[in-house]
Amino acid sequence: MSLTDYDIKLIVALGNPGSKYEATRHNAGIWFLSKIAERLNAKFTATSSCKAEIAEVCYEGRAMKLMRPLVYMNNNGQEISKYMRYFKLKPSQLLVIHDELDFLPGIIRFKLGGGCAGHNGLKSIKEHLGSTNFLRLRIGIGHPGTSAEVSEYVLSKPKPGERSNIDNAIDESMLLLDYLFTGDIQTFMQNLHT
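Residues numbered from 1 in each chain as written. Predicted model: local features only at pLDDT ≥ 70, side-chain atom pairs only at ≥ 80, totals over all residues. Heavy atoms only, no water.

A. Representation of the overall build of the chain within the structure. Along its length, the chain carries seven helices and seven strands. For 194 residues, the compact-globule estimate of 2.2 N^0.38 gives 16 Å, and the chain sits close to it at 15 Å. Here the C-alpha coordinates of the chain stretch approximately 40 × 35 × 35 Å along the principal axes. Within the chain, buried positions represent 50% of all 194 residues. Contacts spanning at least 24 positions in sequence make up 71% of the contacts within the chain whose residues lie at least 6 apart. For the chain, the separation between the mean place of its 23 positive charges and that of its 20 negative charges on side chains is 5 Å. (Helix = DSSP H or I, 4+ residues; strand = E, 2+ residues; numbered from the N terminus. Rg over C-alpha atoms; globule rule 2.2 N^0.38 Å. Buried < 20%, exposed > 50% of the residue type's maximum accessible area, 1.4 Å probe, protein only. Contact = heavy atoms within 4.5 Å. Lys, Arg positive; Asp, Glu negative; His and termini not counted. Charge placed at Lys NZ, Arg CZ, Asp CG, Glu CD.)

B. Region of interest: the packing of aromatic side chains. As enumerated under the stated definition, the model contains five aromatic pairs in all. Centroid distance Tyr 21 to Tyr 72: 5.9 Å. Interplanar angle 80 degrees. Geometry classified as edge-to-face. Residue Tyr 21 is located in the loop between β1 (10-13) and α1 (28-39), and its partner Tyr 72 is located in the loop between β4 (62-69) and α2 (76-86); the two are separated by 51 residues in the primary sequence. Among the residues examined, Tyr 72 registers a relative accessible area of 44% and is labelled partly exposed. When the ring of Tyr 83 is compared with that of Phe 87, the centres are 4.7 Å apart and the planes differ by 45 degrees; the resulting orientation is tilted. (Phe/Tyr/Trp six-rings, centres within 6.5 Å; stacked < 30°, edge-to-face > 60°.)

C. Local environment of α1. With twelve residues, α1 extends 17 Å from end C-alpha to end C-alpha; this agrees with the ideal 16 Å at 1.5 Å per step. Listed as buried for α1 are Ala 28, Gly 29, Ile 30, Trp 31, Phe 32, Leu 33, Ile 36 and Ala 37. Looking at the residues trailing α1, positive phi occurs at Asn 41, about 55 degrees. (Expected span 1.5 Å × (residues − 1).)

D. Spotlight on the pattern of salt bridges. Overall, the coordinates contain eight salt bridges when judged by the stated rule. As a salt-bridge pair, Arg 62 and Asp 7 come within 3.2 Å of each other at their nearest N and O atoms. Taken together, the positions of Arg 62 in strand β4 and Asp 7 in the segment before β1 put the pair 55 residues apart, joining distant regions of the chain. Under the relative-accessibility criterion, Arg 62 is labelled partly exposed at 23%. (Salt bridge = Lys/Arg side-chain N within 4 Å of Asp/Glu carboxyl O.)

E. Representation of the packing of α2 against helix α3 (residues 120-129) within the structure. It is at 7 Å that the axes of α2 and α3 come closest, and there the two elements cross at 45 degrees. Compared by their axis directions, α2 and α3 come out oblique. As for how α2 packs across α3, the hand of that crossing is right-handed. Contacts between α2 and α3 involve Asn 76, Gly 77, Gln 78, Ile 80, Ser 81 and Met 84 on the former and, on the latter, Gly 121, Ser 124, Ile 125, His 128 and Leu 129. Taken together, the residues of the contact of α2 with α3 break down into four nonpolar, seven polar and no charged. (Axes fitted to C-alpha atoms, helices over the stretch in contact; angles between N-to-C directions. Parallel < 35°, antiparallel > 145°, perpendicular 65-115°, else oblique. Left-handed = near helix turned anticlockwise from the far one by under 90°. Nonpolar A, V, L, I, M, F, W, Y, C, P; charged D, E, K, R; others polar.)

F. Spotlight on the packing of α1 against helix α5 (residues 160-174). At a minimum axis separation of 10 Å, α1 and α5 run at an interaxial angle of 40 degrees. The orientation of α1 relative to α5 falls into the category oblique. Here α1 and α5 pass one another in a crossing that is right-handed. Counted together, Ala 28, Trp 31, Phe 32, Lys 35, Ile 36 and Arg 39 of α1 and Arg 163, Ile 166, Ile 170, Asp 171, Ser 173 and Met 174 of α5 form the full contact between these two elements. For the contact of α1 with α5, the class distribution of residues is seven nonpolar, one polar and four charged.

Okay, here's the thing in structure tokens:
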């Protein structure tokens, strides 16, 4: 698939619900989505179609929905697919925002489809949608060094300098929202990556 095949209607942030996990690395996607909602004055409310909070936004005539699943990372695919089936959305209309071990804190990258690279949230989405042909926005959180440390690492808080780098990158990305929300994904990606 090429960029022209994608038309974002639903933006989902992966993370774990509850105050215990709010500031942990695995919730970097939630931090990004919360900043979008804040910028667009969007309010999240519970939905009856799945276990999630939804905010509806309209940007220059384009309607989109923001979603925060209210289940743990490993189970989010079930709720996302439920919602997508209810509203007859295709994988090509989905953008998933998630934490990324392969990038240092402060790096944000856009990706079209691809594998799950061991990310349990992405695995869950693939399992329930039967596809990986959705867009991803990957928020770098760094890597602990060994795979044995990953579980503890993603469920812990980043160091103050790392969190600052992530927050600054998110703030800079907000300057590009106009491209994303008007459907100019190519320009959004080019500017994000430079």
